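An overview of the molecular structure
The residues making up each chain are set out below.
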Amino acid sequence: MKVKGDVVLVTGGASGLGEATARRFVSDGARVVAVDMNEERGAALAKELEGELVFVKADVTSPDDVAEAIDAAKELGELRAAVSCAGVGWAKRLLNRAGEPHDFDLFQKVVSVNLIGSFNVMRLAAAAMAGNDAREGQRGVVINTASIAAFDGQIGQIAYAASKGGIVGMTLPAARDLAQVGIRVLAIAPGTFDTPMLAGLPKEACDALAASIPNPSRLGRPSEYAALAAHMVDNDYLNGEVIRLDGCLRMAPR
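Residues numbered from 1 in each chain as written. Predicted model: local features only at pLDDT ≥ 70, side-chain atom pairs only at ≥ 80, totals over all residues. Heavy atoms only, no water.

**Observations regarding the pairing of strand β6 (residues 183-190)**
Spelled out, the test is: Each residue is assigned to one of three classes by its accessible area relative to the maximum for its type, calculated with a 1.4 Å probe on protein chains only: buried under 20%, partly exposed between the two thresholds, exposed over 50%. Put simply, DSSP H or I for four residues or longer makes a helix, DSSP E for two residues or longer makes a strand, and each gets a number counted from the N terminus. At least two bridges found by DSSP between two strands is the condition for calling them paired.
Counting buried residues along β6, eight of its eight residues qualify, which places the element largely inside the surrounding structure. On β6, burial covers both faces: Ile183, Val185, Ala187 and Ala189 on one face and Arg184, Leu186, Ile188 and Pro190 on the other are all buried. Across six bridges, the pairing between strand β5 (residues 140-145) and β6 is parallel. From the neighbouring strand, Asn144 faces β6, where its bridge partner is Ala187. Looking at chain direction, β6 and strand β7 (residues 242-245) are connected through four bridges and run parallel. Following the sheet pairing, Ala189 is matched in β7 by Arg244.

Listed below in structure tokens is the structure:
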């Protein structure tokens, strides 16, 4: 399904994977609504891409905030694709070395943003897409962001892996739920990407991560995630699938 002239909503759209995805769909001729909590970066992106991209500050876990973002998209035209890139992650063990349990609120926060936030966007975007005119039976596409941590979760990744595993688990039933209205559901499971989430690591740590990736032995580029998202939207026969994008990486326990 081509989205030239249509509207694409991207959460986490002010930086990293989301920004690259927003830029890709703009270059493909779509109008983009970038959703993010970072107002400064979002406003700068909207200024740079004025007339092609609109920024909406929104918390993906808030039904009201996401509904407002969906309304903003519908004002621009038919919402045909929604890509959820908003996410958080902190390293914590189930029990630390002192025997203290994982912080409950932190686990809840990670699951709330990564999993429940993605579900919130998906349900409201699908409701909007269901009203679109069908094109060869298709009305829209929803793409969620999982992670290879859903399959290879490392020590300290219990909250993050649980949240991303939930996204993997949602993909097929969501695709089946929405098949009758012509909406496809997919997920991308990125490996180690050069995004702000890794920006705080020392260069030596980033180099070690890159060296652990079989081929190509480097961090993933956000533009490569964006290219896959764009292909998923274009290819009508892709549905109900989670695709790893990781350079053949299988993460070790630590």
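**Some points on a negative patch on the surface**
Defined as follows: The patch calculation keeps residues exceeding 30% relative accessible area without a salt bridge and links them within 9 Å when they carry like charges or within 5 Å when they are nonpolar (Val, Leu, Ile, Met, Phe, Trp, Tyr). A 1.4 Å probe and the Shrake-Rupley method give the accessible areas. Residues count as covered only by the protein chains that appear here. Should a side-chain nitrogen of Lys or Arg be within 4 Å of a carboxyl oxygen of Asp or Glu, the pair is scored as a salt bridge. In this count, Lys and Arg are taken as positive residues and Asp and Glu as negative ones, while His and the chain termini are left out. Lysine's charge is taken at NZ, arginine's at CZ, aspartate's at CG and glutamate's at CD.
A surface patch of like charges, here negative, comprises Asp64, Glu68, Asp71 and Glu75. With respect to the secondary-structure elements, Glu75 resides in helix α3 (residues 63-76). A relative accessible area of 70% means that Glu75 is categorised as exposed.

**Overview of the nonpolar core**
For the record, the criterion: By nonpolar core is meant a set of buried Ala, Val, Leu, Ile, Met, Phe, Trp, Tyr and Cys residues that side-chain atoms within 4.5 Å join together. Residue contacts are defined here by distance: any two heavy atoms, one from each residue, within 4.5 Å place the two residues in contact.
Formed by 40 residues in total, the largest nonpolar core has its most connected members in Leu9, Val33, Ile70, Leu79, Met129 and Val185. At the level of secondary structure, the elements contributing two or more residues to this core comprise β1 (7-11), β2 (31-36), α3, β4 (79-84), α4 (104-129), α6 (158-178) and β6. Among the elements that line this core, the one with the most residues is α4, at 11 residues. Each residue touching Ile70, except ones within four places of it in the same chain, is listed here: Leu9, Leu79, Leu124, Ala125 and Ala128.

**Considerations on the side chain of Asp36**
What counts is decided by this rule: Between N or O atoms, a polar contact is any pair within 3.5 Å; within protein, one atom must be a potential hydrogen donor and the other a potential acceptor, and residues adjacent in sequence are included only when both atoms are from side chains.
Mapped onto the fold, Asp36 is located in strand β2. Of the side chains with opposite charge, Arg41 comes closest to the buried, unpaired Asp36, at an N-O distance of 6.8 Å. Within the structure, Asp36 has its side chain in polar contact with the backbone nitrogen of Gly13 (distance 3.5 Å). Apart from the residues lying within four places of it in its own chain, the contact partners of Asp36 are Gly12, Gly13, Ala14, Ser15, Phe55, Val56, Lys57 and Ala58.

**Let's talk about the pattern of salt bridges**
Working definition: two side chains of opposite charge can pair if their charged atoms are close together. Scanning the model with the defined rule gives 15 salt bridges in all. One salt bridge connects Arg135 with Glu78, and the closest N-O pair in it is separated by 3.9 Å. With Arg135 in the loop between α4 and β5 and Glu78 in the loop between α3 and β4, the pair connects residues that are 57 residues apart, well separated along the chain. A residue is classified by how much of its surface remains accessible, and Arg135, at 32% relative accessible area, is partly exposed. By relative accessible area, which is 25% here, Glu78 ends up partly exposed. Put simply, Asp207 and Lys203 hold a salt bridge, and the shortest N to O gap is 2.8 Å. In this pair, Asp207 and Lys203 are both assigned in helix α7 (residues 203-211), four residues apart and thus about one turn of the helix distant. Ionic contacts of the salt-bridge type, sharing partners, join the residues Asp6, Glu78, Arg80 and Arg135 into one network.

**A few points about the packing of helix α1 (residues 16-27) against helix α8 (residues 222-234)**
Put simply, the test is: A fitted line through C-alpha atoms serves as each axis, taken over the contacting stretch for helices, and the angle formed by two N-to-C directions is quoted from 0 to 180°. With respect to orientation, any angle under 35 degrees is reported as roughly parallel, any angle over 145 as roughly antiparallel, any angle of 65 to 115 as roughly perpendicular, and every other angle as oblique. Left-handed is the label given to a crossing in which the near helix is rotated counterclockwise from the far helix by less than a right angle, and right-handed is the label when the rotation is clockwise.
The interhelical angle for the contact between α1 and α8, taken along N-to-C directions, is 50 degrees, at an axis separation of 8 Å. On the basis of the axis angle, α1 is oblique to α8. Of the two possible hands of crossing, α1 and α8 adopt the one that is right-handed. Of the residues in α8, those in contact with Gly16, Leu17, Ala20, Thr21, Arg24 and Phe25 of α1 are Pro222, Ser223, Tyr225, Ala226, Ala227, Ala229, Ala230 and Val233.

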